[in-house]
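Read off the chains here:
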Amino acid sequence: MARMTRREFLKASSAVVALSGLAGCASTGGAPTTTSTPGDLAPNRSGRRVIVIGGGWGGATAAKYVRMQDPAIEVVLLEPNDKFISCPFSNLVVSGVRSIESLTFGYDGLRKQHGVKIMRESATAIEPDAHRVRLARGFLTYDRLIVAPGIDFQTEQIEGLAAAGDRVLHAWKAGPQTVALAQQLKEMPDDGVFVLSVPPAAYRCPPGPYERACQVAWYLKTRKPRAKLIVLDANQNVISKPALFRAAWQAYPNLEYRASNKVVKVDAAARELTTEFGDKVRYDVANVIPPQRAAAIAVQADLVGVDKRWCEVNHVTYESVKAKDVHVVGDSTIGIPVPKSGTVANSMGKIAATAVVNLLNGRPAPEMPPINTCYSWVSDTEVMAVINAYRIDSGKVVQIEQKLTPGQSALYAHHAEAWATSIWADILA
Amino acid sequence: MQAFVLVAALAALVPATAAAGPVDTPGFTKAFSCSACHGSAGAARADAVPILAGMPAWYLKKAIDDYASGRRPSPEMEPFSKMVTTLGVDDVAAYFATQKREASPIKLDRAAIASGRTAATQCAGCHGQDGRGDQAKGTPPLAGQPAGYLLNQMKLFKADKRSPGDANLTALKALMKGVDDPTLANLAAYYASLGR
Ligand SMILES: Cc1cc2nc3c(=O)[nH]c(=O)nc-3n(C[C@H](O)[C@H](O)[C@H](O)COP(=O)(O)OP(=O)(O)OC[C@H]3O[C@@H](n4cnc5c(N)ncnc54)[C@H](O)[C@@H]3O)c2cc1C
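Residues numbered from 1 in each chain as written. Chains lettered and ligands numbered in written order. Predicted model: local features only at pLDDT ≥ 70, side-chain atom pairs only at ≥ 80, totals over all residues. Heavy atoms only, no water.

Participant: Could you clarify how one ought to interpret the environment of Pro339(A) in this entry?
Facilitator: Residues and elements named next belong to chain A. Looking at the secondary structure, you find proline 339 in the loop between β21 (333–334) and α10 (342–360). When the C-alpha atoms of proline 339 and serine 240 are compared, they prove to be 9.8 Å apart, with 99 residues separating the residues in sequence. What proline 339 contacts, discounting residues up to four positions off in sequence, is Pro206, Val344, Asn372 and Tyr390. (Helix = DSSP H or I, 4+ residues; strand = E, 2+ residues; numbered from the N terminus. Contact = heavy atoms within 4.5 Å.)

Okay, structure coming up:
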């Protein structure tokens, strides 16, 4: 083991104190019964510990719902960020309609209301055979693990993108990039060209890029009517709610949509994108959403399939088909016929938590289907949506029905606000 | 500093009593997907969706049935009602009926409440003096529902867009057609204020 600096040692030992100090609902009480192995940051005395990797839509929900359903289970949530920033509604930050602060929440509810132990750290590796999660300074053991790390970008698939640094943003994980993209849009010349590049499916939030197109186009229409938005879509058509988005775009003559235009190269110095067919597109602001895969920790732990991108899971328990006692929820998963959405991640978090609680109590996991709803803001005041309901048939998730709102309206914007208010509280409060 | 404000704002989204759902609460798992829009244990904190906590089981079942069959059009609730039907509507209805109702935090206008009280005499015959509803007359409780939700439903009745053509609602819709929109807003504020 690498030698620790004094400060690292103090940090590590205070983490141990913080964890063991809170532990003990179901422990034998008093002195530790397990002798700690070197590097074990907090010996698992209760034998009923769940570790959750990632405090986003799926992971934070799962952590809360394990504790709600069985307070005797110890839950440790690993999340490097001290704040939760919502991707849903973040396209409204790009257009200046909402502030990033209005999408930013703390983790106090999980900690104080639900007794989730939160460590502000990244998991660095998973060892399923040893039932261990590695952190920078040691490891923690678990009885069941819930992996919810979201997505990472395949930046290497677009030549020059890595070298472009923060001159070319994705803003596909809400946070500093979202704010920076809003700034780039604001500072763009009045007759400038904004180019939005949509990655090939599967990626996080199927309608998200088209909602972003609406928001950028709305901003240009109201603030820079001489400017232009070009959407370069790697897919053959708008891949979510195509008729509704195309109807919404009628209001934006400054929006030009080009299907089957996959961006393969970025030249940040020349401000030029190149498509698969060799077309070159000049830009003043480029917003390139790169191709995606499950986040690094899931790939590195080999929870992904042969495509090396996404994790296949059991449709009832969300247990990985590749690792025992390891469950995966949210955008990292594939194979369940659901979109990569926040509503789905929240839903999966609840179901996986319920499965874990039942399995730890020696009972079978109940068969519960997830739900989906994606509201999309097509202007500053109007919203349309897609809704999916599912059932479980012979152990598999199958769709009962998909419905679209008949069009866009201010009423659905009120429904969207109600959804956001409710689901943020469902995840964190 | 801003962070404190935000944390406080989120705290305002939860009912005072944290929902505690031990694994054995009947219906809990069948109903938990609803909290994505209707709040924790049906205690909606938003203005545009109904509170389900404390809703009589007979009415919730009727609503689910009307949505699932398409009689009461709603792009959100039609698919989810079909799902509820596959899961067992009785369990879901019983779960929400036994949840404690928490007052909605949405602010109301005093003047609107006062005007609404006067206008509500024409509703009491069917919905009861205190807006508590009456199963015999097929009326749901209105008391304490968010004003935004109530107002929208009244407008839908007025335009015959909620359960269009339903013969049982002819009297109600005829009544709504004669009430102007500002009065409907006052009625919504009044009923929302009851039971707080
Ligand atoms: C612009 C935009 C708009 C969207 N709009 C909507 C919408 O309107 N409706 C909707 O339903 N969905 C929407 N989505 C999709 C939604 O944001 C995602 O589907 C959702 O966040 C997925 O949840 P998750 O838990 O899988 O991942 P995330 O929410 O991203 O959470 C993953 C967490 O894991 C942490 N993590 C990663 N690696 C590690 C590690 N090694 N150790 C510890 N922690 C780690 C990360 O820091 C992060 O906090 C939108 C997305 C975008 C980008």
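Anyway, onward from the coordinates.
Participant: Looking at this model, I keep getting lost on the nonpolar core. Mind explaining?
Facilitator: Here is a general trend for soluble globular proteins: nonpolar side chains tend to be buried in one another's company. By size, the foremost hydrophobic cluster in this structure holds 145 residues, and its most contacted members are Leu78(A), Leu229(A), Trp249(A) and Leu303(A). Among residues more than four places away in sequence, those in contact with Leu303(A) are Ile126(A), Val147(A), Ala298(A), Trp310(A), Cys311(A), Glu312(A), Ser320(A), Lys322(A), Ala323(A), Val326(A) and Val328(A). By size, the runner-up hydrophobic cluster in this structure holds 24 residues, among which are Leu142(B), Leu150(B), Ala189(B) and Tyr190(B). (Core = buried A, V, L, I, M, F, W, Y, C linked by side-chain atoms within 4.5 Å. Buried < 20%, exposed > 50% of the residue type's maximum accessible area, 1.4 Å probe, protein only.)

Participant: In this structure, what is going on with the domain arrangement of chain B? I would like to understand it.
Facilitator: Frequently, the measure chosen for interface size is the accessible area that the parts lose on association. Residue and element names in this part refer to chain B. Once the domains are mapped, chain B shows domain 1 (1–102) and domain 2 (106–196). Contact between domain 1 and domain 2 buries roughly 1,400 Å² in total, counting both sides, with carbon and sulfur atoms accounting for 54%. Ranking the residues of domain 1 by area buried against domain 2 places Asp47, Trp58 and Arg72 at the top, with a combined share of 41%. Counting every contact that joins domain 1 to domain 2 gives 7 residue pairs in polar contact (both at pLDDT 80 or more). Residues of the side of domain 1 that touches domain 2, tallied by class, amount to 10 nonpolar, no polar and 5 charged. (Domains from an automatic or database assignment. Buried area = accessible area lost by both parts, 1.4 Å probe. Polar contact = N/O pair within 3.5 Å; in protein donor to acceptor, adjacent residues only side chain to side chain. Nonpolar A, V, L, I, M, F, W, Y, C, P; charged D, E, K, R; others polar.)

Participant: Can you help me understand the packing of helix α2 (residues 57–69) of chain A against helix α11 (residues 410–428) of chain A in this one?
Facilitator: In a packed pair of helices, the relevant descriptors are the angle between the two axes and the axis-to-axis distance. Residues and elements named next belong to chain A. Remark: α2 packs on α11, axes separated minimally by 7 Å, with the N-to-C direction vectors making an angle of 60°. The angle between α2 and α11 places the two elements in the oblique class. Residues Trp57, Ala60, Thr61, Lys64 and Tyr65 of α2 pack against Trp419, Ile423, Trp424, Ala425, Asp426, Ile427 and Leu428 of α11. (Axes fitted to C-alpha atoms, helices over the stretch in contact; angles between N-to-C directions. Parallel < 35°, antiparallel > 145°, perpendicular 65-115°, else oblique.)

Participant: For this particular structure, what's the right way to read the sheet that holds strand β24 (residues 396–404) of chain A?
Facilitator: The strands that make up a sheet pair up through hydrogen bonds in the backbone, lying either parallel or antiparallel. Residue and element names in this part refer to chain A. One open sheet accounts for 3 strands, arranged β22-β23-β24; its pairing is antiparallel. For this open sheet the edge positions go to β22 (371–377) and β24, each flanked by a neighbour on one side alone. Put simply, the sheet's adjacent strands are angled 20° from each other on average, direction ignored. Here β22 runs beside strand β23 (residues 383–393); their pairing, made up of 7 bridges, is antiparallel. In the strand pairing of β23, threonine 373 is matched with isoleucine 387. (Pairing = 2+ DSSP bridges.)

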